[in-house]
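Below are the chains, spelled out letter by letter.
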Amino acid sequence: MSLSIHHIAIVVRDLEAALSFYRDVLGLEMTERRVVPQEGVEIAFLPAGEGEIELLRPLDDESGVARFLEKRGEGLHHICLRVDDIAAAMERLRAAGATLLSDEPRVGADGTRYVFIHPKSAYGVLLELYEKRSDSDPGD
Ligand code: CO
């Protein structure tokens, strides 16, 4: 199983303010910004080499991200590792007793499949696994 860092996510209260630092001061380019209703967040992606910085802000007070922000404040929210085969990775993790936040991979708007691993299983960091399906993959 080959793994690489896909993105590192930072939760912020004010996306514009965060962009004025990460984009305008630090000099990263923002390539994508969108609302993800199913997660209750707005996100912005700023590539940095092989990986990306993801800035996210909660849309309301109800989402998991909002509760995280309330409890822990701004800062590192999760690290996302790209995997070739998310089903195989989930099976390995379950067999090892890791706690996954959903039984099945969730599916993003662009068809990517992802799952979160509880921080208690990953030494205090929320981990996301992300499977980017290539165009040549057969559907299932
Ligand atoms: Co993420």
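You'll find the structure just up there.
Residues numbered from 1 in each chain as written. Predicted model: local features only at pLDDT ≥ 70, side-chain atom pairs only at ≥ 80, totals over all residues. Heavy atoms only, no water.

S.K.: Any details on the coordination of the cobalt ion? Residues and values, ideally.
M.R.: Each protein donor to the cobalt ion is listed here as H7 (NE2), E54 (OE), H78 (NE2) and E128 (OE); together their distances run 2.0 to 2.7 Å. Read in sequence order, the donor residues for the cobalt ion give the motif H-x46-E-x23-H-x49-E. Of this pair, H7 sits in strand β1 (residues 4–11) while H78 sits in strand β5 (residues 75–82); the two residues are 71 residues apart in sequence, bridging distant segments of the chain. Grouping residues by exposure puts H7 and H78 together as buried. (Donors = N, O, S within 2.8 Å, 3.2 Å for Na, K, Ca; no water. Helix = DSSP H or I, 4+ residues; strand = E, 2+ residues; numbered from the N terminus. Buried < 20%, exposed > 50% of the residue type's maximum accessible area, 1.4 Å probe, protein only.)

S.K.: Which residues make up the sheet that holds strand β7 (residues 113–117), and what values do they have?
M.R.: Pairing within the open sheet is mixed, and its eight strands lie in the order β2-β3-β4-β1-β5-β8-β7-β6. Bordering the open sheet on either side are β2 (32–36) and β6 (106–107), each of which pairs with just one other strand. Here β2 runs beside strand β3 (residues 41–48); their pairing, made up of five bridges, is antiparallel. Residue pairing in the sheet places V36 in a bridge with V41 of β3. Packed onto the sheet, helix α2 (residues 64–72) meets β1, β3, β4 (51–58) and β5 and runs at close to 85° relative to β4. Sitting on the sheet, helix α3 (residues 86–95) is in contact with β7 and β8 (127–131), with an inclination near 20° to β7. (Pairing = 2+ DSSP bridges. Contact = heavy atoms within 4.5 Å. Axes fitted to C-alpha atoms, helices over the stretch in contact; angles between N-to-C directions.)

S.K.: I'd like a description of the environment of T99, backed by residues and values.
M.R.: Turning to its location among the elements, T99 is positioned in the loop between α3 and β6. Using a relative accessible area of 27% as the deciding quantity, one classes T99 as partly exposed. With sequence-adjacent residues up to four places away left out, T99 is seen in contact with F116, I117, H118, K120 and S121.

S.K.: Pulling in residues and values, what's your account of the nonpolar core?
M.R.: The biggest cluster of nonpolar side chains holds eleven residues, and these are I10, V12, L15, A18, L19, Y22, L28, A44, L46, I53 and L55. Breaking this core down by element, the ones donating at least two residues are α1 (15–22), β3 and β4. Ranked by residues supplied to this core, first place goes to α1 with four residues. Counting ten residues, the second largest nonpolar core, distinct from the first, contains A9, V11, V65 and F68. (Core = buried A, V, L, I, M, F, W, Y, C linked by side-chain atoms within 4.5 Å.)

S.K.: Could you give me a rundown of the layout of surface pockets, with the residues and numbers involved?
M.R.: Quantified by volume, the largest pocket comes out at close to 870 Å³. Residue lining of the largest pocket: 38 residues in total, with E39, V65, H77, H78 and F116 positioned closest to the centre. Contributing elements (two or more residues each) for the lining of the largest pocket: β1, β2, β3, β4, α2, β5, β7 and β8. Ranked by the residues each element gives to the lining of the largest pocket, the list is headed by α2, at six residues. (1 Å grid on protein atoms, 1.4 Å probe; cavity = no way out; pocket = protein on both sides within 12 Å on 5 of 7 lines; lining within 4 Å. Points joined across faces, edges and corners; volume = space filled by probe spheres on them.)

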